Amino acid sequence: MKFSKSITAISIALMLSACGSDNDLQQKLKGTIPKNTDIVSPIVQPQLRELKLEVPEQDDVMVEDFPIAQYVTYPDDQQHIDAISSIDVNWPKINVHQAGKEYGYIDVDASELFYYASPLNSSIANAATDLERHDDFVWFVTGSSTLHRLNLADNISHHWLLIDSDEFTEVAIDESNPNYVWMYDQSQHALTYFNASTDVATKFTLLGEFTIAGLTLADDQLIVLAHDHGDYMVMAYQAQGAEVEHIASWHLAGFEGKEFNDIALAPDGRVVLSTPDVENNIYLVADKSELIGDGPIEDTATLEVVQRYELDEAIAQPSGIWPNQDQSWTLITDQAEVFHLDSDFKLLERHEIDFDSVNCNQGCTEAIVGDDNVFFALADGGLVGQFNRVGEHYVLHQEFQIEVTDEKGALYSYSGLGHDATSGDFYVVPDQNGEEQADILIVLDGEFNVKAKHPITYSGDTQGSIYQFDAQGVHFSNGFVYVVSEQFTKVLKLNLEGEIVAVIDLNEEDVMEPSDIAIRDGHVYIVGDHENGDPVPPITAFKVEEE
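As the structure is a computational prediction, the values presented were derived from the model and not from experiment.

**Student:** Before we move on, could you go through the overall build of the protein and cite the residues and values that matter?
**Tutor:** Assigned secondary structure in the protein consists of 2 helices and 45 strands. Within the protein, buried positions represent 53% of all 547 residues. Long-range contacts, defined here as pairs at least 24 residues apart, represent 51% of the contacts in the protein between residues at least 6 apart. Surface exposure of the protein reaches about 23700 Å², of which carbon and sulfur atoms provide 45%.

Below you can see the structure in the form of structure tokens.
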């Protein structure tokens, strides 16, 4: 819904100080600097508008997609993140500000999510209520009427003072044009849009008595984090300069009792949230209703539930499953835990495994194939570990790296691994996002060398790109490769040249977040992922019903 078009002009004095120190600023605000000090004081006539905070419908929700903080690794000389006041995504870094304590970043492009301090040489910046960074510039507010910009290269700061506002607690900048700034005025429950290039401001009185906890701006979208007595909501607005229009709103579900204090956006559109908690304080959340749909290819069959098998509560976030020849099962979790289960999925053994090349406490293990004595575990970056049984434990015997890169020269990531025990070949499909990124079926020999790469194709009519499917699980059976896609909740049947020969529908109510697939005795077994705090979903057995 568009905001009200009624506009009333008001006068706000906007004073732009000359470059100076933080102490100079404090003196200016207190009126202690002599009148002959060179202060630029342009007078602007901001427009006053209204903007409605749009409440989401009951079924419009975002849920946890990945608990980032749980998998952060701290080098020995680094403090733990335990008092977040604001966050900011500058990919591949997530900048974290802990007011009065430390400013730093999480490197999300490394093999592990390492955290490093990155000190600010400014007492005022260190005390900011909200802070955003662009290149060497840090923009921040402190709960006063002043907008600050600090140049980290030379430590020169600029300050803008809005006379009739006195409690700016949130700030957001446009990464493509960082002179476009949005701020939240807590005292007047208003958003101010400010163009620092022209010193022109527009003020929006907010309609809706919600508490604003965070702002972020990306790709012409202004995202607002708000709450009403603990009911947190994310509201998205199209924002081209001062022209604002509501796009969508969501409730945050599954976080009962959790307090959030800032918001940012990842490059893939997922939302990053922070909390002031001592631990588990940064989350990726997403609207997973977008995973539901018909997909670009018409279904040829449907999966019908045969039986559900409850899993032991010790199993958390299962990611891969493998049927052993003796009718037992092997299951692996995100946290590199391996479980042996009997034919009815009852727990027999639990093992922790360790790679040499990666620390999998960050949740990197995606698939497992093998038997009771030797198995292969796949990490999402294409690293495969061969683990041999030694007594009551499994020991890393050898590591393999799947050396296949995308068009930019980066190694693919994977979420599933198929294996033909007769030939010894392995099968993977890169786990890509984006309908423009071509998917491929990769055939590997027993040493994980590439034997063949086949573009994934479909010969029939489509309604959109077939690359919208993703590959959360991969399984080989009877001469075909089966891929379970979380997007649209489908199972794709591929021949060994990569052609899709069947699309089997999986009802999202049966398994909302499928993570792997196995086939045994004509039945399809699917394991689902879950969020922290949620019960472990069951293993569901299906039969295929032809359309």
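Additional details are given in the paragraphs that follow.
**Student:** Mind laying out unusual backbone geometry, listing which residues take part and the relevant values?
**Tutor:** Look at the link from tryptophan 91 to proline 92: it is a cis peptide, with omega at 10 degrees. Positive phi outside glycine occurs at glutamine 317, with the angle close to 55 degrees. Here glutamine 317 lies in the loop between β26 (301-309) and β27 (318-323). What makes glutamine 317 buried here is its relative accessible area of 6%. Residues other than glycine seldom take positive phi values, yet phenylalanine 345 does so here, at roughly 65 degrees.

**Student:** I'd love a proper account of the confidence of the model for the protein, names of residues and values included.
**Tutor:** Per-residue pLDDT for the protein averages 87, and the proportion of residues at 70 or more is 89%. Mean pLDDT values for the elements of the protein range from 24 in strand β1 (residues 8-9) up to 98 in strand β36 (residues 426-428).

**Student:** So what's going on with the pairing of strand β9 (residues 102-107)? Which residues, and what values?
**Tutor:** Moving residue by residue along a regular strand, the side chains alternate between the two faces of the sheet. The element β9 is extensively covered by neighbouring structure, given that 5 of its 6 residues are classed as buried. Where strand β8 (residues 93-98) and β9 come together, 6 bridges link them in antiparallel fashion. By the bridge assignment for β9, glutamine 98 is matched with glutamate 102. With antiparallel pairing between neighbouring strands as the criterion, β8 and β9 make up a hairpin whose turn holds 3 residues, including glycine 100 at a positive phi of roughly 80 degrees.

**Student:** Give a detailed account of the sheet that holds strand β38 (residues 450-455), specifying residues and quantitative values.
**Tutor:** Backbone hydrogen bonds hold the strands of a sheet together, and the pairing may be parallel or antiparallel. Strand order in the open sheet formed by 4 strands is β35-β36-β37-β38, with antiparallel pairing between adjacent strands. Each end of this open sheet is capped by a strand with a single partner; those strands are β35 (418-419) and β38. As defined by bridge partners, β36 adjoins strand β37 (residues 440-444) across 3 bridges and the pair is classed as antiparallel. By the bridge assignment, valine 428 is partnered in β37 with isoleucine 442.

**Student:** For the sheet that holds strand β29 (residues 337-341), give the residues involved together with the corresponding values.
**Tutor:** Reading across the sheet, the 4 strands line up as β27-β28-β29-β30 and stay open at both edges, with antiparallel pairing between neighbours. Each edge of the open sheet is held by one strand with a lone partner, namely β27 and β30 (347-352). Ignoring which end each strand starts from, the neighbouring axes of this sheet average 20 degrees apart. Here β27 runs beside strand β28 (residues 329-333); their pairing, made up of 5 bridges, is antiparallel. When the bridges of β28 are listed, tryptophan 322 appears paired with threonine 330.

**Student:** Tell me about the pattern of salt bridges, residues and numbers included.
**Tutor:** Within this structure, the stated rule accounts for 13 salt bridges. With a shortest N-O distance of 3.2 Å, glutamate 243 and arginine 49 are connected by a salt bridge. Here glutamate 243, found in strand β22 (residues 243-252), pairs with arginine 49, found in strand β4 (residues 47-52); they are 194 residues apart in sequence, far enough to count as distant. Taking relative accessible area as the criterion, glutamate 243 reaches 41% and is therefore assigned partly exposed. You can call arginine 49 buried: its relative accessible area is 8%.

**Student:** Please provide a residue-by-residue account of empty space enclosed by the protein, values included.
**Tutor:** A water-sized probe, rolled over the atoms, reveals where empty space remains. One pass over the full model with this rule turns up 1 cavity of 30 Å³ or more. Looking at the largest cavity, its volume works out to about 100 Å³. Together, Val429, Pro430, Gln432, Asp439, Ile456, Ile466, Phe469, Asp470, Ala471, Val483, Leu492 and Leu494 line the largest cavity. Across the lining of the largest cavity, the residue classes break down as 9 nonpolar, 1 polar and 2 charged.

**Student:** With reference to specific residues and values, describe the packing of aromatic side chains.
**Tutor:** In this structure the tally under the stated criterion is 26 aromatic pairs. Taken together, a centroid distance of 4.8 Å and an interplanar angle of 55 degrees make the contact between tryptophan 329 and tyrosine 525 tilted. With tryptophan 329 in strand β28 and tyrosine 525 in strand β44 (residues 523-528), this residue pair connects regions lying 196 residues apart in the sequence. For tyrosine 525, a relative accessible area of 9% gives the class buried. Pairing phenylalanine 469 with phenylalanine 488 gives two aromatic rings, centres 5.7 Å apart and planes at 80 degrees, and the pair type is edge-to-face. Taken together, the positions of phenylalanine 469 in the loop between β38 and β39 (473-477) and phenylalanine 488 in the loop between β40 (480-485) and β41 (490-494) put the pair 19 residues apart, joining distant regions of the chain. The pair formed by phenylalanine 469 and phenylalanine 488 is uniform in burial state, with each residue classed as buried.

**Student:** Please give an account of the nonpolar core that cites residues and values.
**Tutor:** The tendency in soluble globular proteins is for nonpolar side chains to be buried side by side. Of all hydrophobic cores here, the largest spans 33 residues; its most connected members are Ile353, Phe355, Phe375, Ile402, Tyr414, Leu417 and Phe448. Of all the secondary structure elements, the ones that give two or more residues to this core are β31 (365-370), β32 (374-379), β33 (383-390), β34 (393-401), β36 and β37. In terms of residues, this core owes the most to one element, β32, which gives 5 residues. When sequence neighbours within four positions are dropped, the list of residues in contact with tyrosine 414 reads Glu366, Leu378, Ala379, Asp380, Gly382, Ile402, Val404, Val428, Val429, Pro430, Asp431 and Ile442. The next biggest cluster of nonpolar side chains, apart from the first, holds 22 residues, and it includes Trp182, Leu215, Met235 and Ala242.

**Student:** Can you break down the layout of surface pockets residue by residue, with the values?
**Tutor:** Approximately 480 Å³ is the volume found for the second largest pocket. In terms of lining residues, the second largest pocket is bounded by 19 residues, among which Trp322, Pro323, Gln325, His419 and Ala421 are the most central. Secondary structure elements with two or more residues in the lining of the second largest pocket: β27, β32, β39 and β43 (514-520). Sorting elements by how many residues they give to the lining of the second largest pocket places β39 first, with 3 residues. Taken together, the residues that form the lining of the second largest pocket break down as 7 nonpolar, 8 polar and 4 charged.

Calculation rules
- Per chain, the residues get numbers from 1 upward, laid out in the order the sequence is written.
- Local features in a predicted model are, by the rule used here, given only for residues with pLDDT of at least 70; side-chain atom pairs are given and counted only at 80 or more, and totals for whole chains, interfaces and linings are based on all residues.
- To obtain the side-chain values, all non-hydrogen atoms of the structure were included, while hydrogens and water were left out.
- Comment: elements are numbered from the N terminus, with helices defined as DSSP H or I runs of at least four residues and strands as E runs of at least two.
- Partly exposed describes any residue whose relative accessible area lies between the buried limit of under 20% and the exposed limit of over 50%, with all areas from a 1.4 Å probe on protein chains only and scaled to the type maximum.
- The contact criterion used throughout is that any non-hydrogen atoms of two residues lie within 4.5 Å.
- Per-residue and other accessible areas follow the Shrake-Rupley method at a 1.4 Å probe size, with only the shown protein chains counted as cover for residues.
- The quantity known as pLDDT measures the predictor's confidence residue by residue, on a range of 0 to 100.
- For two strands to pair, DSSP has to find at least two bridges joining them.
- Whenever a helix is involved, its axis is fitted only over the stretch in contact; in every case the axis is a line through C-alpha atoms, and angles between N-to-C directions fall within 0 to 180 degrees.
- By definition here, a salt bridge exists when the distance from a side-chain nitrogen of Lys or Arg to a carboxyl oxygen of Asp or Glu is within 4 Å.
- The definitions used throughout rest on a 1 Å grid laid over the protein atoms alone, on which a cavity is an enclosed set of points accommodating a 1.4 Å probe that cannot get out and a pocket is an open set flanked by protein within 12 Å on both sides along at least five of seven lines; lining residues are those having an atom within 4 Å of a point.
- Grid points are joined across faces, edges and corners, and a volume is the space filled by probe spheres set on the points.
- Residue type decides the class: Asp, Glu, Lys and Arg count as charged, Ala, Val, Leu, Ile, Met, Phe, Trp, Tyr, Cys and Pro as nonpolar, and the leftover types, Gly among them, as polar.
- The rule is short: rings of Phe, Tyr and Trp, with Trp giving its six-membered ring, pair when the centres are within 6.5 Å, and they are stacked under 30 degrees, edge-to-face over 60, tilted in between.
- Put simply, buried Ala, Val, Leu, Ile, Met, Phe, Trp, Tyr and Cys residues joined by side-chain atoms within 4.5 Å make one nonpolar core.

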